[in-house]
Each structure stands twice: as structure tokens, then as C-alpha cells.
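Structure at a glance
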Amino acid sequence: KYSSDNAVITKSEYDNMEDETLNFSHFAIGWMWDLPYVSKDNNFYGYKSGFAVTLSDSSSYKLMTGTTDEETGDITYSLKNCTDDFTFVYAADTDEYVLNYPNGTKEYFDKTYGTIKKREDRFGNEIVFEYEEQDYKGRKEKTGLSFKKF
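These remarks concern the structure in this document. Everything quoted here is computed from the prediction, not taken from an experiment. (Residues numbered from 1 in each chain as written. Predicted model: local features only at pLDDT ≥ 70, side-chain atom pairs only at ≥ 80, totals over all residues. Heavy atoms only, no water.)

**Quick word on the pattern of salt bridges**
Filter applied, for reference: A carboxyl oxygen of Asp or Glu within 4 Å of a side-chain nitrogen of Lys or Arg is what we treat as a salt bridge. The helix count covers DSSP runs of H or I at least four residues long, the strand count covers runs of E at least two residues long, and both are numbered beginning at the N terminus. When a residue's accessible area, from a 1.4 Å probe over protein chains only, is under 20% of the maximum for its type it is buried; when over 50% it is exposed; and in between it is partly exposed.
Applying the stated criterion to the full structure yields 5 salt bridges. As a salt-bridge pair, Lys 117 and Glu 96 come within 2.8 Å of each other at their nearest N and O atoms. Placement of Lys 117 in strand E12 (residues 116-120) and of Glu 96 in strand E10 (residues 96-100) is noted, with a sequence separation of 21 residues between them. Given a relative accessible area of 28%, Lys 117 falls into the partly exposed group. Of the charged contacts in the structure, one is a salt bridge between Lys 118 and Glu 120, with a shortest N-O distance of 3.8 Å. A residue is classified by how much of its surface remains accessible, and Lys 118, at 22% relative accessible area, is partly exposed.

Set out below in C-alpha cells:
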């Protein structure tokens, strides 16, 4: 029988950890949190990803050529084959991407890495995501959310 008590480490296990970083394998085993992200036209490991946005439900939409607002410098992109009324904008004043959902929710993405920075609902409630660079095989990369022992 499955018990969610077995899915996470206990406080005493956490306090006795020798390593200061909590490995994701210790956190909510069997759970998944698909974060949306923006992939840019980069060639990673022989795979050309294209300029696209992937939503938390794993649906992905290629971003088509955008139109520039001459006054603000913002660029609005259309999402290929998207039947919903999303808008995807490069906000020049904040140097980030913003995905606007039809229900008023907004998701903000880092321009350099494509990672989600913030999710804000139509009432102004927000979840902020913070990342840190990790040393990965001799090079620094922004690898994602981390849990630090404090």
C-alpha cells in the first residue's frame, strides 16, 4: 500500500544530511511538476529545438515571426497551431518573455535561459521561481530550482 509519508524525507533525515543540497529524488517521490519553459533556436546535443513555448500540460507551440511595437519595443509573437487565445510577448522594458493566458494568468520567462520566473493570476497572486547556477561537468549552467539546507 502506498503512503505519501514515504514520498518525502523526514525532518530528522533532513537535519542529518551530510550534503547541503537536497536531491530531487528525496522530494515527493512519484510526484511530477511540469514547469513551462521557452526553448530558443539553439542546437543542444545535436538537437535543434527551435523557438517555442512549452506549457505545463506539455503542449508545445512554435513561436512565429513577431510584430514589433515601435513605441515600446515589445515584440508580440503568434503561436503556431494554437487554438486558444494566448499572447506571447517579449517585454522590452523588463527584458523577459510574457505568456498571457485567456483567463488573465501571466507567466514570465527569463530571456537568456527560457526558465519560468513568475506566474501571476488575474488577481495579482504570484508564485516566484528562483534559480541558481550549478557547476555541471566543468561549466556553469542555470539548472533549475534548488532546495538548499538552511
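**Topic: the sheet that holds strand E2 (residues 37-39)**
Let me state the cut-off plainly: Two strands are said to pair when DSSP picks up at least two bridges between them. Helix axes are fitted only over the stretch in contact, all axes being lines through C-alpha atoms; the angle between N-to-C directions runs from 0 to 180 degrees.
Pairing in this open sheet of 3 strands is antiparallel, and the strands run E2-E5-E6 from one edge to the other. The open sheet terminates on both sides in strands that have one partner only, identified here as E2 and strand E6 (60-62). Looking at each pair of strands side by side, their axes are set apart by 20° on average, direction ignored. Looking at chain direction, E2 and strand E5 (residues 52-54) are connected through 3 bridges and run antiparallel.

**Quick look at the packing of aromatic side chains**
Here is the rule: Note on ring pairs: Phe, Tyr and Trp rings are taken, using the six-membered ring of Trp, and paired if centres are within 6.5 Å. Classes follow the plane angle, with under 30 degrees stacked, over 60 edge-to-face and the rest tilted. Should the NZ of a Lys or the CZ of an Arg lie within 6 Å of a ring centre and within 35 degrees of the ring normal, that charge is described as sitting over the ring.
Counted according to the given criterion, the structure contains 6 aromatic pairs. Relative to Tyr 97, the ring of Tyr 90 has its centre 5.9 Å away and its plane inclined at 65°; by these criteria the two rings are edge-to-face. What makes Tyr 97 buried here is its relative accessible area of 6%. Through a chain of ring-to-ring contacts, three or more aromatic side chains come together here, namely Phe 51, Tyr 77, Phe 88, Tyr 90 and Tyr 97. Positioned above the aromatic ring of Tyr 108 is the side chain of Lys 118, whose terminal nitrogen or guanidinium carbon lies 4.7 Å from the ring centre. Over the ring of Tyr 101 we find Arg 119; its NZ or CZ atom is 5.6 Å from the centre of that ring.

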